[in-house]
Amino acid sequence: MTERISTPSKTKQIIEENGFSFKKNFGQNFLIDSNILENIANCAGITKEDCVLEIGPGIGSLTQILAENAREVVAVEIDTTLIPILKQTLDTYDNVEILNQDILKTDIDAIIEKKNSGKAIKVVANLPYYITTPIIMDLLEKERHIDTITVMVQKEVAERMQAGPKEKEYGALSIAVQYYCDAHLDMIVQPSCFMPQPKVASAVITLKVLPERKISTKDESLFFHLVKCAFGQRRKTLLNGLNNQGKLNLSKEELTSIIVSLGWDARIRGEALGIQEFGALTDAIYQKLHNE
């Protein structure tokens, strides 16, 4: 086993020897706790059968462990200055490919086809806080062949991903993630485990991508539009959210009638509805709009 670089002293040495400067615009925080990194690989269930896509490898601390457990690792790093460092820290691993690209502009489907014959891969990442949601939704909405997504994110975001109706953290992101996945919060990670230390705690969450959507609706785009309206103004009732932002060409009276017909109080708030209820609301409004 190659010497671990995920220690404070080794990470500092690599940074200083290469004259590396952390870039705030990339949200760079490197993990310096080997136990946490081992746990991430375990949570992801990485085996020698797996092809892993790692997003944001940094200096390669997690990449090392992934490479030792997986058949192959494709590491996508946006920061050009980290590429020579990665080639140095990972030079003993012949099952790692480093790509200097923006993950949101990377042809992930081509990687899956080339590296895993089109079969589902596993995604592992220590995601920058500012771009967590766009990356997660890009992976899910485009229906890529992905088995699991195991990511380190801001603790608050992880809690939102797995939250249920009426919980404080519950919102549009909760529904979006749970529409495609089963979410499991694996562990909380304190700021002291990073260099530099972030201001908030982080968490590792694993999203098991479902073979089919959790529910079936008559119009998926309408479903997400209604969810967005329902949570757009959290203090508003569902009725007011739909009436103010929905642009559904339905009167407030018609919307009230639909809500009541579903057995709900006309004053119900969006955060009281689960995925199934939003599915029922979608179909009822769809039927009204199409005179079914």
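Residues numbered from 1 in each chain as written. Predicted model: local features only at pLDDT ≥ 70, side-chain atom pairs only at ≥ 80, totals over all residues. Heavy atoms only, no water.

Caption draft 1: Up close: the packing of helix H8 (residues 172-180) against helix H9 (residues 220-232). One way to put it is that H8 packs onto H9 with a least axis distance of 9 Å and a crossing angle of 155 degrees. In this view, H8 runs roughly antiparallel relative to H9, as classed from their interaxial angle. Of the residues in H9, those touching H8 at Ala172, Ile175, Ala176, Tyr179 and Tyr180 are Glu220, Phe223, Phe224, Val227 and Phe231. Across the contact of H8 with H9, the residue classes tally to 9 nonpolar, no polar and 1 charged. (Axes fitted to C-alpha atoms, helices over the stretch in contact; angles between N-to-C directions. Helix = DSSP H or I, 4+ residues; strand = E, 2+ residues; numbered from the N terminus. Parallel < 35°, antiparallel > 145°, perpendicular 65-115°, else oblique. Contact = heavy atoms within 4.5 Å. Nonpolar A, V, L, I, M, F, W, Y, C, P; charged D, E, K, R; others polar.)

Caption draft 2: Focus on unusual backbone geometry. In this chain, methionine 195 is followed by proline 196 through a cis amide linkage whose omega measures -15 degrees. Along the polypeptide, proline 196 turns up in the loop between strand S8 (194-195) and strand S9 (202-209). The phi angle at lysine 166 is positive, at roughly 75 degrees, despite the residue not being glycine. With respect to the secondary-structure elements, lysine 166 resides in the loop between helix H7 (155-162) and H8.

Caption draft 3: Spatial organisation of the nonpolar core. In this structure, Ile136, Ile149 and Ile285 are the most contacted members of the largest nonpolar core, which totals 66 residues. In terms of residue count, the dominant contributor to this core is H9 (7 residues). Filtering out sequence-adjacent residues up to four positions away, isoleucine 285 remains in contact with Leu222, Leu226, Leu242, Leu248, Leu250, Leu255 and Ile258. Formed by 26 residues, the second largest nonpolar core is a distinct cluster that contains Val52, Val96, Met187 and Cys193. (Core = buried A, V, L, I, M, F, W, Y, C linked by side-chain atoms within 4.5 Å. Buried < 20%, exposed > 50% of the residue type's maximum accessible area, 1.4 Å probe, protein only.)

Caption draft 4: Representation of helix H3 (residues 61-69). With respect to burial, H3 is a largely interior element, 7 of its 9 residues being buried. The complete set of buried residues in H3 reads Ser61, Leu62, Thr63, Gln64, Ile65, Leu66 and Ala67.

Caption draft 5: Spatial organisation of the pattern of salt bridges. Overall, the coordinates contain 16 salt bridges when judged by the stated rule. For arginine 4, the salt bridge identified is with glutamate 38, shortest N-O distance 3.3 Å. Residue arginine 4 is found in the segment before helix H1 (8-17), and its partner glutamate 38 is found in helix H2 (residues 34-44); the two are separated by 34 residues along the sequence. When the shortest N-O distance is used, the salt bridge between aspartate 147 and lysine 208 registers 2.3 Å. Within this pair, whereas aspartate 147 is found in strand S6 (residues 146-154), its partner lysine 208 is found in strand S9, the two being separated by 61 residues in sequence. For aspartate 147, a relative accessible area of 21% corresponds to the partly exposed category. (Salt bridge = Lys/Arg side-chain N within 4 Å of Asp/Glu carboxyl O.)

Caption draft 6: Region of the structure containing the environment of phenylalanine 223. Summarising the element assignment, phenylalanine 223 is placed in helix H9. Ignoring sequence-local partners within four residues, the contact set of phenylalanine 223 consists of Ile175, Tyr179, Ile215, Thr217, Ile275, Phe278, Gly279 and Thr282.

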